[in-house]
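# Residue-level structure breakdown
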Amino acid sequence: NAGVTQTPKFRVLKTGQSMTLLCAQDMNHEYMYWYRQDPGMGLRLIHYSVGEGTTAKGEVPDGYNVSRLKKQNFLLGLESAAPSQTSVYFCASSPLTGTYYGYTFGSGTRLTVV
Amino acid sequence: GENVEQHPSTLSVQEGDSAVIKCTYSDSASNYFPWYKQELGKRPQLIIDIRSNVGEKKDQRIAVTLNKTAKHFSLHITETQPEDSAVYFCAASMGNTDKLIFGTGTRLQVFP
């Protein structure tokens, strides 16, 4: 039981390049989330999913796209990376609404855009 | 929009002293309030949470209090130890959903 696994752990991109971050969970959680963490700004929600085949925008969705083709995987894409997207990205998952067991976070991806 | 404010941003205490971190939230429909601890270079981990139908919850040296009328909730750590040093985040649910809004974090340093 690995919990929530994120790949890659580190990445350096050039401005304009694209990449996909993968999040995988083995807890059969319905909800999955992508957050970015910046110094002094806490964790901000980028996109989230309430189940397989569904996605929705969070607080800071611009410049990102997501997909959830399988219940266990949630992908975050950057089509044309910008320096402002330099951040640490965390994926998280949680069970069904109303259970409120809190999030299980992945170990994070440190992304630098130069 | 929905917002969670967290204070202080940094907190230094002597080992054995108590530490208190306070948060306020704006969404009156929020009903779930977790606290996360994040050690340097690691993922946030849930340490305690409270639901809106409860005013206080305690787990060993950690306690959380909630005042729904004032939209305040606080984390209390007693008998602090150096291993309590970390960044602590409060969060509030966005209304009656599982989505969370996080505070900006408090860096706690416990000096031996």
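The residue numbers shown here count from 1 along each chain, following its written sequence. As they are written, the chains are lettered A onward and the ligands numbered 1 onward, keeping that order. The model is predicted, so local features are restricted to residues of pLDDT at least 70 and side-chain atom pairs to those at 80 or more, both for listing and for counting; the totals for chains, interfaces and linings are taken over all residues. The basis for the side-chain values is all heavy atoms of the structure; hydrogens and waters are excluded.

## What to know about empty space enclosed by the protein
All names here are of chain B. Put simply, the grid is 1 Å and covers the protein atoms alone, a cavity is a trapped set of points that fit a 1.4 Å probe, a pocket is an open set with protein on both sides within 12 Å along at least five of seven lines, and lining residues have an atom within 4 Å of a point. Grid points are joined across faces, edges and corners, and a volume is the space filled by probe spheres set on the points. For the coordinates displayed, the defined rule picks out 2 cavities of 30 Å³ or more. What the largest cavity holds in volume is close to 40 Å³. Around the largest cavity, the lining residues are Glu2, Asn3, Val4, Tyr25, Ser26, Asp27, Ser30, Ala92, Ser93, Met94 and Ile101. Looking at side-chain class alone, the lining of the largest cavity contains 5 nonpolar, 4 polar and 2 charged residues. Ten residue types, Ala, Val, Leu, Ile, Met, Phe, Trp, Tyr, Cys and Pro, are classed as nonpolar, four, Asp, Glu, Lys and Arg, as charged, and the remainder, Gly among them, as polar.

## Focus on the sheet that holds strand 1 (residues 4-7) of chain A
Residues and elements named next belong to chain A. At least two DSSP bridges between two strands are required for those strands to pair. Numbering of helices and strands starts at the N terminus; helices are DSSP runs of H or I of at least 4 residues and strands are runs of E of at least 2. The antiparallel open sheet is built from 4 strands, whose spatial order is 1-3-8-7. Lying at the two open borders of the sheet, with one neighbouring strand each, are strand 1 and strand 7 (65-67). For this sheet the average axis-to-axis angle between neighbouring strands, irrespective of direction, equals 20°. Pairing of strand 7 with strand 8 (residues 73-78) involves 3 bridges; the strand directions are antiparallel. Note on strand 8: the bridge partner recorded for Val66 is Leu76. The axes used here are C-alpha line fits, helices contributing only the stretch in contact, and every angle between their N-to-C directions lies in the interval 0 to 180 degrees.

## What about the nonpolar core?
A general tendency of soluble globular proteins is for nonpolar side chains to be buried together. Counting residues in each nonpolar core, the largest one holds 42 residues, and the members touching the most others are A:Tyr103, B:Trp35 and B:Phe102. Judged by nonpolar contacts, the second largest core, of 18 residues, contains A:Val4, A:Trp34, A:Ile46 and A:Cys91. Put simply, a nonpolar core is a bunch of buried Ala, Val, Leu, Ile, Met, Phe, Trp, Tyr and Cys residues held in one set by side-chain atoms that sit within 4.5 Å of each other. Classification of residues uses two cut-offs on accessible area relative to the type maximum, computed with a 1.4 Å probe and protein chains only: under 20% is buried, over 50% is exposed, and between them is partly exposed.

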